[in-house]
Amino acid sequence: MEHLLSQLNSKQREAVEFCDGPSLIIAGAGSGKTRVLTYKIAYLLEQGLPPYYILALTFTNKAAREMKSRIADLVGEKKARQLWMGTFHAIFSRILRNEAERIGFTPNFTIFDSSDSSNLVRLIIKEMQLDDKVYRPGAVHNQISRAKNGLITPGMYAQNREIIEYDRASKRPQLFEIYQRYQNRLKAANSMDFDDLLMYTNILLRDNPDVLEDYRNRFQFVLVDEYQDTNFAQHLIVKQLAELHHRVCVVGDDAQSIYSFRGANIDNILKFKSTFPQTQIFKLEQNYRSTQNIVNAANSLIKKNKEQIFKEVFSENEEGEKIEVVSAFSDFEEGLIVANKIARMRYEGHTGFSDVAILYRTNAQSRIFEESLRKKNIPYVIYGGLSFYQRKEIKDIISYFRLIVNPGDEEAFRRIVNYPTRGIGDVTVGKISESARLHNVSLWQILSSPLQYNLDVNRGTARKLALFHELINGFIADNETQNAYELAQTVLKNTGIVKEAYEDLTPEGMSRAQNIQELLNAINEFVSERQEQGEEDVRLVDFLSEVSLLTDQDTGDDEGNEKVTLMTVHSAKGLEFNHVFVVGMEEDLFPSSMAKFEPRGLEEERRLFYVAITRAKKTCTVTFARSRFRNGSTNATRESQFLKDIDPRFLLMEQKALTPARDELADGFWESLRQKRESSVFVRPSSRIPVSRTENSSLKLSEEAGQLKEGDVIEHERFGRGVVTSIEQSGGDKRAFVDFDSAGQKQLLLKFAKFKIVQ
DNA sequence: GAAGCCCACATTTTT
DNA sequence: TGTGGGCTTC
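If you're wondering where the values come from, they're calculated on a predicted model, not measured in any experiment.

1. Digging into the overall build of chain A
Line of reasoning, step 1. Helix and strand content of chain A: 31 helices and 24 strands.
Line of reasoning, step 2. Split into buried and exposed, the 759 residues of chain A put 53% on the buried side.
Line of reasoning, step 3. Sequence separation of 24 or more characterises 74% of the internal contacts of chain A that already satisfy a separation of 6 or more.
Line of reasoning, step 4. Total accessible area computed for chain A in this model is approximately 35100 Å², and 48% of it derives from carbon and sulfur atoms.

Set out below in structure tokens:
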């Protein structure tokens, strides 16, 4: 054990060794937080605490996996595997399955992901004949989610004067009714959404003292990572479990709390001591990750926030380079600058592509960097966006699995009742749905006894329904004998999905087929992995319950490959890279326009920036563009106010990077620019802004595509040299027909094409 | 009932 | 720019 502790600094060591009561470890960025957590668990195990008495909760699956493997390295795989370690959602869904009947569910309940939830909300809004412009499904679901995270049940919601007043004031008085119906529907479908996993856990523990006692005894020691990101529901679970024995250790950094939009409550960590009065607080302030310049810059930034626990993060690493701030003329040029710089870094130094990350505020920003990187032949990998399990073809197949495991699952039913098409349309589904609501049963039950529920459909439709019913019932029977992999194959074969997929030879079709194959492989892998661990029957329900809590962070782990990483700042939390580019540092983007009105929102955005900067080990480059294409149009942008929050001593600012205060002249200029753009046609509108470019720019765009005429020779960024053969007006857009030397005949939409006029 | 077309709208992060 | 929902036509 001594050798374990010797690898820690004195603060870390104190935190690890303290085990007699509640403790709060405030871990500054890069201060070895994960190290402390893993060593602490190893320490507990070495002290003789059996692994199955330890509950360790993380925020992401990835973090859990990583920690598990690190612990395995310290104490061996066998012990590591017996730990209760995972995300809140994963651990408590497991517990809820064990105790399902206590809360009126069966153990095979299925889990709705956010898109399922939104769909259901949309459906209910429609059923209630409410205006979906007023009741925007996403926003409504968000509010329901908030209520659940605050443990406000539909009943409490309806009785809470304040909330009802608020909804009335915001012209959405029916929200309570939507919430009520939504919750009923989930229940009738024997399904839970993400928030339910936490809410029902609380209800389970609240209403069943024997269950609570059971788990209190089981979890002799409770550890929680990223405590600053917990919401009220999670906080209360931890509180209930640890209330008696007080053996609880939470780790976090209030400066990195970036999930309040999901109900995370920074007070949980700020006020942890009042929940557990005996709490010992440990502060880890030495940053081992970054250079002094990066740490100092980040410190100066975060100092601008009001609410925080005092700490002084420091680094004893080399001083390092200053944070470079680069302005680009347009979003497009920003992409080029970053790509060029990465290429240069690679060429000049010992930088591998995998040492580099590009971090942005929103997923939509990734595209432009994809393009610029591709142009430079720089390999990259994007995290986020549409995850594998959210692709249509995959969700459809998973819906079959869900329906087999839990025939009550309404969303799954709706998705596949007519996929592949079998002549059961909206009208029929509407009737089934209506009948289900009338009798308060699931859609599946109507399908099982259409006569009993007086389902009013014609003979042909009834027959089609019966066939579908039979199909699924057949799978349900197969589910008794076949393992997950076998059953998946059966489903794909008997539904004709596989045939359809392989007959479609369009590029999209082929990629779909590939995805389906990938899914099969994943199931196969899942089954054999479990079998290796000694499980004999690996059922579909096992696969499902794992997969429904998985996010894209997980799929396609081609680590070690020499690729530049592209991701949002949120998903970069917990990671580190030698060289980080934080891009799109503009007002209304970062900070987001959604957040800037509330002071607390702004503080959170600032923390987000703090997180971004502190991902960097050696260099950090911050870029912004002066104009950006967003939601279909290009707009002038200004650099982020956060740039001024960083002490200039730690910045390397290119001359005149910061725009002088906006004056009316400038406003007028942008305005006239916008009007012009709306009335005329041109290439990238940004190319018209008469300001000198930064030197990094390598591409010159045509000054005025509107002047393009027959016979002109152009240089297109992708197709190379070509001659304009004709120009045509189509709708509001102009189209050029170009004969390219190497690429042949192409049509270019002038609005989007990127080229310059050579002659 | 299904396929195909058109239009509106996007606007933050994710377990 | 891309997607998804609604409408129209067969």
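2. Remarks on the pattern of salt bridges
Line of reasoning, step 1. Throughout the structure, instances matching the rule amount to 42 salt bridges.
Line of reasoning, step 2. Among the ionic pairs, Asp 214 bridges to Arg 218, the shortest N-O distance being 3.7 Å. Here Asp 214 pairs with Arg 218, and both are found in helix H13 (residues 209-218), just four residues apart, close to one helical turn.
Line of reasoning, step 3. Since its relative accessible area comes to 34%, Asp 214 is described here as partly exposed.
Line of reasoning, step 4. Judged by relative accessible area, Arg 218 falls into the partly exposed class, the value being 27%.
Line of reasoning, step 5. When the shortest N-O distance is used, the salt bridge between Asp 647 and Arg 649 registers 2.9 Å.

3. A few points about the sheet that holds strand E16 (residues 616-625)
Line of reasoning, step 1. Strand order in this open sheet of seven strands is E13-E14-E12-E15-E16-E11-E19, and the pairing throughout is parallel. The open sheet is flanked by strand E13 (380-382) and strand E19 (651-653), the only strands paired with a single partner. Direction aside, the axes of adjacent strands within the sheet are offset by 20° on average.
Line of reasoning, step 2. Across the sheet, helix H17 (residues 292-302) lies against strand E11 (323-328) and E16, angled at about 50° from E16, the strand it touches most.

4. Details of the confidence of the model for chain A
Line of reasoning, step 1. For chain A, mean pLDDT is 83; residues scoring 70 or higher make up 85% of the total.
Line of reasoning, step 2. The low-confidence segment residues 657-704, where pLDDT is below 50, has 85 contacts with residues more than four positions distant or belonging to other chains.

5. Description of the environment of Thr 201
Line of reasoning, step 1. Mapping Thr 201 onto the fold places it in helix H12 (residues 194-207).
Line of reasoning, step 2. Owing to a relative accessible area of 2%, Thr 201 belongs among the buried residues under this scheme.
Line of reasoning, step 3. When the C-alpha positions of Thr 201 and Leu 96 are compared, they lie 6.7 Å apart, and in sequence the two are 105 residues distant.
Line of reasoning, step 4. Discounting residues that sit within four places of it in the chain, Thr 201 has contacts with Phe 92, Leu 96, Asp 196 and Ile 237.

6. Here's the deal with the packing of aromatic side chains
Line of reasoning, step 1. Applying the stated criterion across every chain, the model contains 17 aromatic pairs.
Line of reasoning, step 2. A ring pair is formed by Phe 18 and Phe 282, whose centres lie 5.7 Å apart and whose planes are at 55°; its orientation type is tilted. With Phe 18 in the loop between helix H2 (10-17) and strand E1 (23-27) and Phe 282 in strand E8 (residues 280-284), this residue pair connects regions lying 264 residues apart in the sequence.
Line of reasoning, step 3. Judged by relative accessible area, Phe 282 falls into the buried class, the value being 7%.
Line of reasoning, step 4. Arranged with centres 5.3 Å apart and planes meeting at 75°, the rings of Phe 526 and Phe 543 form a pair that is edge-to-face. Pair noted here: Phe 526 is in helix H27 (residues 507-532) and Phe 543 is in helix H28 (residues 540-547), with a separation of 17 residues, a long-range link.
Line of reasoning, step 5. Each residue in the set Phe 59, Tyr 259 and Phe 261 is aromatic and connected to the rest through ring pairs, giving one cluster.
Line of reasoning, step 6. Here the guanidinium or amino end of Lys 62 rests over the ring plane of Tyr 383, the centre of that ring lying 6.0 Å away.

7. Remarks on the packing of helix H20 (residues 392-405) against H28
Line of reasoning, step 1. At a minimum axis separation of 10 Å, H20 and H28 run at an interaxial angle of 120°. It follows from the interaxial angle that H20 and H28 lie oblique. In the crossing of H20 with H28, the sense of the turn from one axis to the other is left-handed. Taking contact as the criterion, the partners of Ile 398, Phe 401, Arg 402, Ile 404 and Val 405 in H20 are, on H28, Leu 540, Val 541, Phe 543, Leu 544 and Val 547.
Line of reasoning, step 2. Of the residues assigned to the contact of H20 with H28, the class counts are nine nonpolar, no polar and one charged.

8. Quick look at H2
Line of reasoning, step 1. Taken as a whole, H2 has its buried residues at Gln 12, Ala 15 and Val 16. For H2, the buried positions fall inside an angular range of 100° around the axis, keeping them on one side.
Line of reasoning, step 2. The N-terminus of H2 is capped by Asn 9, whose side-chain oxygen sits 3.1 Å from the backbone nitrogen of Lys 11.

9. Focus on the side chain of Ser 31
Line of reasoning, step 1. Residue position: Ser 31 is located in the loop between E1 and helix H3 (33-46).
Line of reasoning, step 2. Given the relative accessible area of 2%, Ser 31 is considered buried.
Line of reasoning, step 3. A polar side-chain atom of Ser 31 sits 2.6 Å from the main-chain carbonyl oxygen of Gly 28.
Line of reasoning, step 4. Setting aside residues no more than four positions away along its own chain, Ser 31 makes contact with Gln 12, Leu 284, Gln 286, Asn 287 and Tyr 288.

10. Brief notes about the side chain of Thr 614
Line of reasoning, step 1. By the secondary structure assignment, Thr 614 is in the loop between helix H30 (599-613) and E16.
Line of reasoning, step 2. A distance of 2.8 Å separates a polar atom in the side chain of Thr 614 from the backbone oxygen of Tyr 610.

11. Focus on the environment of Arg 289
Line of reasoning, step 1. Mapped onto the fold, Arg 289 is located in the loop between strand E9 (286-287) and H17.
Line of reasoning, step 2. Once residues lying within four places of it in the same chain are set aside, the contact partners of Arg 289 are Ala 29, Gly 30, Asn 317, Leu 575, Glu 576, Thr 614, Arg 615, Ala 616 and Lys 617.

Thresholds applied
Residues numbered from 1 in each chain as written. Chains lettered and ligands numbered in written order. Predicted model: local features only at pLDDT ≥ 70, side-chain atom pairs only at ≥ 80, totals over all residues. Heavy atoms only, no water. Helix = DSSP H or I, 4+ residues; strand = E, 2+ residues; numbered from the N terminus. Buried < 20%, exposed > 50% of the residue type's maximum accessible area, 1.4 Å probe, protein only. Contact = heavy atoms within 4.5 Å. Areas by Shrake-Rupley, 256 points an atom, 1.4 Å probe, with all protein chains shown as cover. Salt bridge = Lys/Arg side-chain N within 4 Å of Asp/Glu carboxyl O. Pairing = 2+ DSSP bridges. Axes fitted to C-alpha atoms, helices over the stretch in contact; angles between N-to-C directions. pLDDT = per-residue confidence, 0-100. Phe/Tyr/Trp six-rings, centres within 6.5 Å; stacked < 30°, edge-to-face > 60°. Lys NZ or Arg CZ within 6 Å of the ring centre and 35° of its normal. Parallel < 35°, antiparallel > 145°, perpendicular 65-115°, else oblique. Left-handed = near helix turned anticlockwise from the far one by under 90°. Nonpolar A, V, L, I, M, F, W, Y, C, P; charged D, E, K, R; others polar. Arc of directions from axis to C-beta. Polar contact = N/O pair within 3.5 Å; in protein donor to acceptor, adjacent residues only side chain to side chain.

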